[in-house]
Amino acid sequence: MASANYHDNYHFLLTLSFVVSLLACSANAQLSPTFYATTCRNLQTIVRDEMTKAINRQPRLGASILRLFFHDCFVNGCDASILLDDTATFTGEKNAAPNRNSARGFEVIDAIKTRVEAACNATVSCADILALATRDGVVLLGGPTWTVPLGRRDARTASQSAANNQIPSPFSNLPTLISMFAAKGLTAREMTVLSGGHVIGFARCATFRNRIYNETNIDAAFATARRTNCPATGGDANLAPLDQTPNRFDNSYYQNLVARRGLLHSDQELFNGGSQDATVRTFSTNAAAFSGEFAAAMVKMGNISPLTGTNGEIRRSCRVVN
């Protein structure tokens, strides 16, 4: 009888393992963490090395690369379309409203791509390089790590109109944020978790001026402090940190929201008497919970509509189609 139970349990576990594997494959399309295990063994070392150089030079680049990945994945999936330059015959996404004068870090991806091409010619996509660089930037600033599924291919197209319409705005209200993330298969909680990426980096005065001069759900001392570098008119490009530790990945973003010190309107909307208040409170006091859920949400976002198999291409330069 014990032997029969053992075999039953063994077969059950085998079946369960098979089902979990199927679910993982389904969840990640044809993506796999070991996609380049034999074709580009040094890939992750190269990416980490170049990201370390970049962040040592300018810590803000960790946030810039994270933002590039987010803006890429929200427009036709994680396909490196945001990296394509405009030409006389091609309109990319770099000059869409959410990216113009603010998307940055392209030269870091170029540097990684140059080294990867030298090591593994025509093998690794720009989309995968961006996904890995994003993870490493977060880790290098003290954030969580995660295993990046790989095997994305690069788009030959881009969509400025989709970039204008599908990337959430810093002026968005909570229902809009929830619906825009839902359109990409992400829950309201995942939206609140991913918004925590604003724990690093800076924002331009033009994106928060109205909040610090006209909104009421804002700490008065905080508004006054932010006004010193963001006048009522002019100074659109002046920068302010998204939180008080812009080069350290922690949970202070959520602590700021509870204190009504969110810099962007869209940030404070997460804690303004709405459905996400409890989640914000949880993350404000539990950094480990935030880190774990952020890592999981980044994997999920990185799986939005990837090009795989024979779709798309492996670009030789991330800025132009082959």
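This text goes with the structure placed above it.
Residues numbered from 1 in each chain as written. Predicted model: local features only at pLDDT ≥ 70, side-chain atom pairs only at ≥ 80, totals over all residues. Heavy atoms only, no water.

**Description of the pattern of salt bridges**
What the rule picks out here adds up to 18 salt bridges. For the salt bridge of Asp85 with Arg319, the shortest nitrogen-to-oxygen distance reads 3.2 Å. With Asp85 in the loop between helix 3 (61–73) and helix 4 (106–119) and Arg319 in the segment after helix 14 (287–301), this pair connects stretches of sequence that are 234 residues apart. By relative accessible area, which is 24% here, Asp85 ends up partly exposed. Close ionic contact of Lys300 with Glu190 constitutes a salt bridge, the shortest N to O distance being 3.0 Å. Of the two residues, Lys300 is situated in helix 14 and Glu190 in helix 8 (residues 188–195); the sequence distance between them amounts to 110 residues. The class for Lys300 is partly exposed, based on a relative accessible area of 36%. (Salt bridge = Lys/Arg side-chain N within 4 Å of Asp/Glu carboxyl O. Helix = DSSP H or I, 4+ residues; strand = E, 2+ residues; numbered from the N terminus. Buried < 20%, exposed > 50% of the residue type's maximum accessible area, 1.4 Å probe, protein only.)

**Side note on helix 8**
Of all eight residues that make up helix 8, six are buried, and the element is covered over most of its length. Within helix 8 the residues assigned to the buried category are Glu190, Met191, Thr192, Val193, Leu194 and Ser195. Packing partners of the buried residues in helix 8 comprise helix 7 (174–182), helix 11 (252–258), helix 13 (277–285) and helix 14. (Contact = heavy atoms within 4.5 Å.)

**Considerations on the side chain of Asn217**
Examined against the element boundaries, Asn217 turns out to sit in the loop between helix 9 (205–214) and helix 10 (220–227). Residue classification places Asn217 among the buried residues on the basis of a relative accessible area of 19%. One polar contact links Asn217 to Arg211, side chain to side chain, over a distance of 3.2 Å. Here the side chain of Asn217 touches Asn272 through a polar contact of 3.2 Å, side chain to side chain. Non-local contacts of Asn217, meaning those with residues more than four positions away in its chain, are made with Arg211, Arg260, Gln268 and Asn272. (Polar contact = N/O pair within 3.5 Å; in protein donor to acceptor, adjacent residues only side chain to side chain.)

**Structural notes on the nonpolar core**
Core analysis: the biggest nonpolar cluster contains 71 residues, and Leu43, Leu83, Phe294 and Met301 have the highest contact counts within it. In this view, Met301 contacts Phe69, Phe70, Cys73, Phe74, Cys78, Leu186 and Leu194; residues no more than four positions away in its chain are not counted. Counting residues in hydrophobic clusters, the runner-up holds twelve residues, among them Ala203, Ala223, Cys230 and Ala240. (Core = buried A, V, L, I, M, F, W, Y, C linked by side-chain atoms within 4.5 Å.)

**As for the state of the cysteines**
Disulfides are covalent bonds that link the sulfur atoms of two cysteine residues. Under the defined criterion, the tally for this structure stands at four disulfides. There is a disulfide in this structure between Cys126 and Cys318, and the S-S distance comes to 2.1 Å. Residues Cys126 and Cys318 are joined by a disulfide whose S-S torsion is about -95°; by sign, that bridge is left-handed. On the criterion of sequence distance, the pair formed by Cys126 in helix 5 (residues 126–140) and Cys318 in the segment after helix 14 is long-range, its members being 192 residues apart. For Cys126, a relative accessible area of 0% translates into the label buried. Since its relative accessible area comes to 2%, Cys318 is described here as buried. The disulfide that involves Cys205 links it to Cys230, with 1.9 Å between the sulfurs. Residues Cys205 and Cys230 share a disulfide whose torsion about the S-S bond is about 75°; that sign makes it right-handed. (Disulfide = S-S within 2.5 Å.)

**Overview of the packing of aromatic side chains**
Across all of its chains, the model carries twelve aromatic pairs by this definition. Here the aromatic rings of Tyr254 and Phe290 are separated by 5.0 Å at their centres, their planes lie at 70°, and the arrangement is edge-to-face. Of this pair, Tyr254 sits in helix 11 while Phe290 sits in helix 14; the two residues are 36 residues apart in sequence, bridging distant segments of the chain. Aromatic pair Phe283 and Phe290: ring centres 5.8 Å apart, planes at 55°, arrangement tilted. In this pair, the class of Phe283 matches that of Phe290, namely buried. Between the NZ or CZ atom of Lys94 and the centre of the ring of Phe106, over which it lies, the distance is 4.1 Å. (Phe/Tyr/Trp six-rings, centres within 6.5 Å; stacked < 30°, edge-to-face > 60°. Lys NZ or Arg CZ within 6 Å of the ring centre and 35° of its normal.)

**Overview of the packing of helix 9 against helix 10**
Direction vectors running N to C along helix 9 and helix 10 enclose 135°, while the axes themselves pass 9 Å from each other. It follows that helix 9 is oblique to helix 10 by the angle criterion. Seen from above, helix 9 lies across helix 10 with left-handed handedness. Contacts between helix 9 and helix 10 pair Phe208, Ile212 and Tyr213 from the former with Ala223, Arg226 and Arg227 from the latter. Classifying every residue of the contact of helix 9 with helix 10 gives four nonpolar, no polar and two charged. (Axes fitted to C-alpha atoms, helices over the stretch in contact; angles between N-to-C directions. Parallel < 35°, antiparallel > 145°, perpendicular 65-115°, else oblique. Left-handed = near helix turned anticlockwise from the far one by under 90°. Nonpolar A, V, L, I, M, F, W, Y, C, P; charged D, E, K, R; others polar.)

**Quick word on the environment of Ser32**
Considering the arrangement of structural elements, one finds Ser32 in the loop between helix 1 (2–27) and helix 2 (43–57). Put simply, Ser32 and Ala54 are 22 residues apart on the chain and 27 Å apart in space, counted from C-alpha to C-alpha. In contact with Ser32, not counting residues within four places along its chain, are Pro149 and Leu150. A polar atom in the side chain of Ser32 sits 3.0 Å from the side chain of Thr34.

Fair warning: the whole summary comes from geometry, so function is off the table for now.
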